[in-house]
Amino acid sequence: MQTHIAPRFQNDPSVTEADAILRSCVHCGFCTATCPTYQILGDELDGPRGRIYLIKEFFAGAPATEHTLEHLDRCLTCRACETTCPSGVRYARLAEIGRAHIEAEVGRSALERLKRRLLRAIVPHPERFRLLVQLGDACKPLLPEALARKVPTLPKPKPRPTAPQATAHPPRRVIALAGCVQSVMTPATGAALEQILGTLGMAADVPARAGCCGALSLHLGAHSEAHDYMRRNIDAWWPLIEAGAEAILVSASGCGSMVKEYGEALQNDPDYAEKAARVAALARDPSEWLMEHAGEIPFVAADRGTVAFHVPCSLQHAQRLHGGVEMLLQRAGYRLTEVRDSHLCCGSAGTYSILQPVLSQQLLDQKLSALREGEPDCIATANVGCQMHLQNGSETPVRHWLELCAEALAP
């Protein structure tokens, strides 16, 4: 694609990067076939090719409007278009740069600014988030039924499973990220990971100082804040890395895709660039790590029923991981159903379900319809956001695949 950058942008490094991405696009339109919002709205400007055109024209000097920003905001950043693109266009990075510049020029309403500020002030902080959920749960009787269904309920405390005794002395060690939302809403996920690792003679360190991965702030345009979260995590993990931690396991695939990009995010930080690159190289989804030891995991042979696996976009499109979770579930004794249009987003997408509730609900309805076709006993996924979003509309239990695998271990 030919581009022209307006004089006011020519000394901006981020626009130079965007220009290189724009030039890699051949405008073939293959991406529209897998874009969830284009499938629903049928508007060229609500698909990747149209959004690329809007960004291209803006950097060429065309004025941006609220409608320009609206089309960019409707993007889920699911990255299905990147999986489809034959030219390797880095659409998510381009959208991030374009949205930041256009938002700075157009601005947002006071209400929209407040929404984003509250999300950034509450969600990345587990204690604040827990308090908000408790408050919402207490107010459920006062809410309309449709709204009450959307308010999550804190899980009841359960005894933490005791990991089997490690066979190696001292045990091999990895780092695990508890996560902000996951640590509050689905703590059983982290417990399941530790239990499985214990059967392999491994131990997980979960530093208390580590917290939000930074993805929420980054996607809401607060780049400096996101980088601060990344630096805090690197500082928390670094002593363990120097002590020989073999990997950083991130069981929420959305957070995992962010940690794997720390090196790029902090590449211009003289104090953290090298450390960030090292952290990104160590980051693994648990399915990657456990697949290397799949034959050693002591699963008890049994038919454990049917499972429909929803593959989060962050796992299949951002991390480009395919088949590992499915194979581990099958080894654990679960029968997997076929899921139609498994490449499409469920509509969770971080804060998307809050900021774009109508589109998010349509995507949720479509996804649940596809997942139910195989009449599964359980729906499994690999990301806490997807898990909560799917459970809001499903009577079938929705669980993290690690929990299912942990239940299949020998006692």
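A. Quick peek at the overall build of the protein. Of the regular secondary structure elements, the protein holds 23 helices and eight strands. Taking 411 residues into account, the globule formula puts the C-alpha radius of gyration at 22 Å, and the protein, at 21 Å, falls close to it. With the principal axes as the frame, the protein shows a C-alpha extent of 65 × 50 × 45 Å. Scored against the burial criterion, the 411 residues of the protein give a buried share of 51%. Long-range contacts, defined here as pairs at least 24 residues apart, represent 74% of the contacts in the protein between residues at least 6 apart. Just so you have it, the protein exposes about 18,900 Å², and 53% of that area is on carbon and sulfur atoms. When the 41 positive and 45 negative side-chain charges of the protein are each reduced to one mean point, those points stand 2 Å apart.

B. Representation of the nonpolar core in the model. Core analysis: the biggest nonpolar cluster contains 42 residues, and Trp-237, Val-259, Tyr-262 and Val-279 have the highest contact counts within it. At the level of secondary structure, the elements contributing two or more residues to this core comprise helix H8 (126–138), helix H10 (180–185), helix H12 (215–219), helix H13 (223–242), helix H14 (253–259) and helix H16 (273–282). No other element matches H13, which puts eight residues into this core. For Val-279, the residues in contact, after removing those within four places along its chain, are Ile-234, Trp-237, Trp-238, Ile-241, Ile-248, Val-259 and Tyr-262. Counting 36 residues, the second-largest nonpolar core is a separate cluster that includes Leu-290, Val-307, Val-311 and Tyr-334.

C. Region of interest: the layout of surface pockets. Reported here for the second largest pocket is a volume of approximately 310 Å³. Considering the residues around the second largest pocket, the lining is formed by 16 residues, among which Glu-66, Glu-70, Asp-73, Arg-108 and Glu-112 are closest to the centre. Secondary structure elements with two or more residues in the lining of the second largest pocket: helix H4 (66–73), helix H7 (110–122) and helix H21 (357–372). For the lining of the second largest pocket, the leading source of residues is H4, giving four residues. In terms of residue class, the lining of the second largest pocket is built from five nonpolar, four polar and seven charged.

D. Molecular detail of a nonpolar patch on the surface. Together, Leu-111, Leu-114 and Leu-118 make up a nonpolar patch on the protein surface, roughly 280 Å² of accessible area in all. Position of Leu-114 relative to the elements: it lies in helix H7. Residue Leu-114 is classed as partly exposed on the basis of its relative accessible area of 44%.

E. Fine view of the environment of Leu-404. Of note, Leu-404 is situated in helix H23 (residues 401–407). What makes Leu-404 buried here is its relative accessible area of 3%. In the structure, Leu-404 is positioned 223 residues away from Val-181 in sequence and 20 Å away in space, judged by C-alpha atoms. Sequence-distant contacts of Leu-404, defined by excluding residues within four places in its chain, comprise Val-307, Leu-329, Tyr-334, Cys-378, Ala-380 and Arg-399.

F. Looking closely at the environment of Gln-267. Structurally, the position occupied by Gln-267 is in the loop between helix H15 (262–265) and H16. Separated by 122 residues in sequence, Gln-267 and His-389 place their C-alpha atoms 34 Å apart. Among the polar contacts made by the side chain of Gln-267, one reaches the main-chain carbonyl oxygen of Glu-264 at a distance of 3.2 Å.

G. Fine view of the sheet that holds strand S6 (residues 335–336). Strand order in this open sheet of four strands is S6-S5-S7-S8, and the pairing throughout is parallel. Bordering the open sheet on either side are S6 and strand S8 (398–400), each of which pairs with just one other strand. Examined bridge by bridge, strand S7 (residues 378–381) and S8 share three bridges and lie parallel to one another. Looking at the pairing, Ile-379 lines up with Val-398 of S8.

H. Region of interest: the sheet that holds strand S2 (residues 202–205). If you walk across this open sheet you meet the four strands as S2-S1-S3-S4, and the pairing is parallel. Edge positions in the sheet fall to S2 and strand S4 (283–284), since each of these pairs with one other strand and no more. Alignment of strand S1 (residues 172–176) against strand S3 (residues 248–249), held across two bridges, turns out to be parallel. Bridge pairing links Ile-175 to Ile-248 in S3. Sheet strands touched by H13: S1, S2 and S3. Its angle to S1, the strand with the most contacts, is close to 170 degrees.

I. Here's a closer look at the confidence of the model for the protein. A residue-level look at the protein finds 96% of positions with pLDDT of 70 or above and a mean pLDDT of 92. The least confident element of the protein is helix H9 (residues 145–148), whose mean pLDDT is 69; the most confident is strand S5 (residues 306–309), at 98.

J. Representation of the side chain of Asp-269 within the structure. Mapped onto the secondary structure, Asp-269 falls in the loop between H15 and H16. A polar atom in the side chain of Asp-269 sits 2.7 Å from the side chain of Arg-231.

K. Molecular detail of the pairing of S2. Every second residue of S2 is oriented toward a common face, with Met-202 and Ala-204 on one face and Ala-203 and Asp-205 on the other, all of them buried. Inspection of the sheet shows S1 paired to S2 by four bridges, in the parallel sense. Within S2, the position partnered with Arg-172 by the bridge is Met-202.

L. View of the pattern of salt bridges. On inspection of all chains with the given rule, the structure shows 31 salt bridges. For Asp-46, the salt bridge identified is with Arg-74, shortest N-O distance 2.9 Å. Here Asp-46, found in the loop between helix H2 (36–41) and helix H3 (48–59), pairs with Arg-74, found in the loop between H4 and helix H5 (80–84); they are 28 residues apart in sequence, far enough to count as distant. Arg-74 shares its class with Asp-46; the two are buried.

Procedures and definitions
Residues numbered from 1 in each chain as written. Predicted model: local features only at pLDDT ≥ 70, side-chain atom pairs only at ≥ 80, totals over all residues. Heavy atoms only, no water. Helix = DSSP H or I, 4+ residues; strand = E, 2+ residues; numbered from the N terminus. Rg over C-alpha atoms; globule rule 2.2 N^0.38 Å. Buried < 20%, exposed > 50% of the residue type's maximum accessible area, 1.4 Å probe, protein only. Contact = heavy atoms within 4.5 Å. Areas by Shrake-Rupley, 256 points an atom, 1.4 Å probe, with all protein chains shown as cover. Lys, Arg positive; Asp, Glu negative; His and termini not counted. Charge placed at Lys NZ, Arg CZ, Asp CG, Glu CD. Core = buried A, V, L, I, M, F, W, Y, C linked by side-chain atoms within 4.5 Å. 1 Å grid on protein atoms, 1.4 Å probe; cavity = no way out; pocket = protein on both sides within 12 Å on 5 of 7 lines; lining within 4 Å. Points joined across faces, edges and corners; volume = space filled by probe spheres on them. Nonpolar A, V, L, I, M, F, W, Y, C, P; charged D, E, K, R; others polar. Patch = residues over 30% accessible without salt bridge, like charges linked within 9 Å, V, L, I, M, F, W, Y side chains within 5 Å. Salt bridge = Lys/Arg side-chain N within 4 Å of Asp/Glu carboxyl O. Polar contact = N/O pair within 3.5 Å; in protein donor to acceptor, adjacent residues only side chain to side chain. Pairing = 2+ DSSP bridges. Axes fitted to C-alpha atoms, helices over the stretch in contact; angles between N-to-C directions. pLDDT = per-residue confidence, 0-100.

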